[in-house]
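Spelled out, the chains give:
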Amino acid sequence: RGQGPIMLFNKAFFTLADVPAIVVSALLLFTDRGPNLASAVFGDIDTLLTEPLAADRPFQAWLIFGGITLYFLKVFFWSWTYSHSNTVGVGSAIFVALGYHLFVVLSICLAAYQANRMPTTWEIANGAAVFCIALLHETLADRELADFKKRKTGGLLQYGYHSICRHPNYFFNTFSFPCIALMSGSYPVFALWVFVQVFWAHAQSGVALETYMASKYGAEWESYCKSVPFFFPKFGDLINVLIFKHVGVKSTESTKMN
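If you're wondering where the values come from, they're calculated on a predicted model, not measured in any experiment. (Residues numbered from 1 in each chain as written. Predicted model: local features only at pLDDT ≥ 70, side-chain atom pairs only at ≥ 80, totals over all residues. Heavy atoms only, no water.)

Student: Outline the pattern of salt bridges, supporting the account with residue identities and numerical values.
Tutor: Taken as a whole, this structure holds 4 salt bridges when the rule is applied. The salt bridge involving E123 is made with R117; its shortest N-O contact spans 3.1 Å. (Salt bridge = Lys/Arg side-chain N within 4 Å of Asp/Glu carboxyl O.)

Given below as structure tokens:
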């Protein structure tokens, strides 16, 4: 992540490719396109919401749209600051933006029409809290990696967020889509995105990065893997993250002191 020179085309392309997902979410939640598409997908079932979600439950519509918008604002910020968009090809960008991300939006928005229920206060409070906390810590973990690269000290980043698990950005990114899905009122779609996010990190993104790191750092990476878990942090380390003990840490020694 963060390799290569800044390439304006890649940055702009990654950003523009994700704009349709925000537009589609607005159309599905605030116009007749939402109930029309839901009817086409699910058929004539009695429980299906037949008017725009914003007309029937505006607060729920804004919760979903707000979560989607915040997530993609994070993606835009990531792409223009310290992402790996400099080395990822156009084909991968199209798959992620117009395939993966668009499917996320479609599944969550359509689920709101199919489930046709307002999430409980408990679901809203917990979902919003976890979403915001995870988004913040993912951003801080990415910033830590960017700062490490700028310092050009060489070797592995083994302090701060990267002392709790080898892929803290992937770990915190796990929560965004399930939390937005919870706002749709659909437990199956919530469970779907929990599974997909964890599976994707273990089967593709995390594995690919592990292979690259092992080939580049060899024994140092092997030693790091023995002491730091792949994805899920230990409970005590996670608590330290939530109280911001790892923010601003600049060395392995200072991490151990915390």
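Student: A description of the side chain of T15 should follow, citing residues and the corresponding values.
Tutor: The residue T15 is located in helix 1 (residues 8–30) in this model. Contact partners of T15, with chain neighbours within four places excluded, come to F76, S79 and W80. (Helix = DSSP H or I, 4+ residues; strand = E, 2+ residues; numbered from the N terminus. Contact = heavy atoms within 4.5 Å.)

Student: Report on the packing of aromatic side chains, specifying residues and quantitative values.
Tutor: Any aromatic ring pair is given by two values, namely how distant the centres are and how the planes are angled relative to each other. Scanning the model with the defined rule gives 20 aromatic pairs in all. Each ring, one from F171 and one from F172, has its centre 5.1 Å from the other, and the planes form 70°; the classification is edge-to-face. Summarising the burial analysis for this pair, F171 and F172 share the class buried. Ring centres 6.3 Å apart and planes at 80° place the aromatic pair F171 and F232 in the edge-to-face group. One end of the pair, F171, is in helix 7 (residues 168–173); the other, F232, is in the loop between helix 10 (219–227) and helix 11 (235–242), with 61 residues separating them in the sequence. In this structure an aromatic cluster arises from ring pairing among Y71, F72, Y100, F103, F177, W193 and W200. Over the aromatic face of Y187 sits the side chain of R117, whose NZ or CZ is 4.9 Å from the ring centroid. (Phe/Tyr/Trp six-rings, centres within 6.5 Å; stacked < 30°, edge-to-face > 60°. Buried < 20%, exposed > 50% of the residue type's maximum accessible area, 1.4 Å probe, protein only. Lys NZ or Arg CZ within 6 Å of the ring centre and 35° of its normal.)

Student: Lay out the environment of F42 with the relevant residues and their values.
Tutor: Its location among the elements puts F42 in helix 2 (residues 33–42). Sequence separation of F42 and Q114 is 72 residues, and the distance between their C-alpha atoms is 7.4 Å.

Student: Which residues make up the packing of helix 6 (residues 121–151) against helix 8 (residues 176–183), and what values go with them?
Tutor: Interhelical geometry of helix 6 versus helix 8 gives an angle of 160° and a closest axis separation of 9 Å. As far as their axial angle goes, helix 8 and helix 6 are roughly antiparallel. When you trace helix 6 past helix 8, the crossing you get is left-handed. Of the residues in helix 8, those in contact with E123, I124, G127, A128, V130, F131 and L135 of helix 6 are S176, C179, I180, L182 and M183. For the contact of helix 6 with helix 8, the residue count by class is 9 nonpolar, 2 polar and 1 charged. (Axes fitted to C-alpha atoms, helices over the stretch in contact; angles between N-to-C directions. Parallel < 35°, antiparallel > 145°, perpendicular 65-115°, else oblique. Left-handed = near helix turned anticlockwise from the far one by under 90°. Nonpolar A, V, L, I, M, F, W, Y, C, P; charged D, E, K, R; others polar.)

Student: Describe helix 1, listing the residues and the values that go with them.
Tutor: Compared with an ideal rise of 1.5 Å per residue, which puts 23 residues at 33 Å, helix 1 spans 33 Å between its outermost C-alpha atoms and is within 8% of the ideal. What helix 1 keeps buried is the set N10, K11, F14, T15, A17, D18, A21, I22, S25, L28 and L29. (Expected span 1.5 Å × (residues − 1).)

Student: Provide a residue-level description of the environment of F59, including the pertinent values.
Tutor: Relative to the elements of secondary structure, F59 occurs in helix 4 (residues 58–81). Each C-alpha atom, one on F59 and one on M118, is 9.1 Å from the other, the two residues being 59 residues apart in sequence. Filtering out sequence-adjacent residues up to four positions away, F59 remains in contact with M118 and I124.

Student: How would you summarise the side chain of D18 if you had to cite specific residues and measurements?
Tutor: On the secondary structure map, D18 appears in helix 1. Ignoring any residue separated from it by four or fewer positions in sequence, one finds D18 in contact with F72, V75, F76, A97 and H101.

Student: Which residues make up the nonpolar core, and what are the values?
Tutor: Residues L53, I64, F72, I108 and W193 are the most contacted members of the largest nonpolar core, which totals 38 residues. Broken down by secondary-structure element, the contributors of at least two residues to this core are helix 1, helix 3 (53–56), helix 4, helix 5 (90–115), helix 6, helix 8 and helix 9 (187–217). Of all the elements, helix 5 adds the most residues to this core, at 9 residues. With near-sequence residues (within four places) excluded, F72 lies in contact with D18, A21, I22, H101 and V105. (Core = buried A, V, L, I, M, F, W, Y, C linked by side-chain atoms within 4.5 Å.)

Student: Account for unusual backbone geometry, naming residues and giving values.
Tutor: Here N116, not a glycine, exhibits a phi torsion of approximately 50°, which is positive. Within the secondary structure, N116 is located in the loop between helix 5 and helix 6. Despite not being glycine, F244 shows a phi value in the positive range, around 65°. Note that F244 resides in the loop between helix 11 and helix 12 (252–257).

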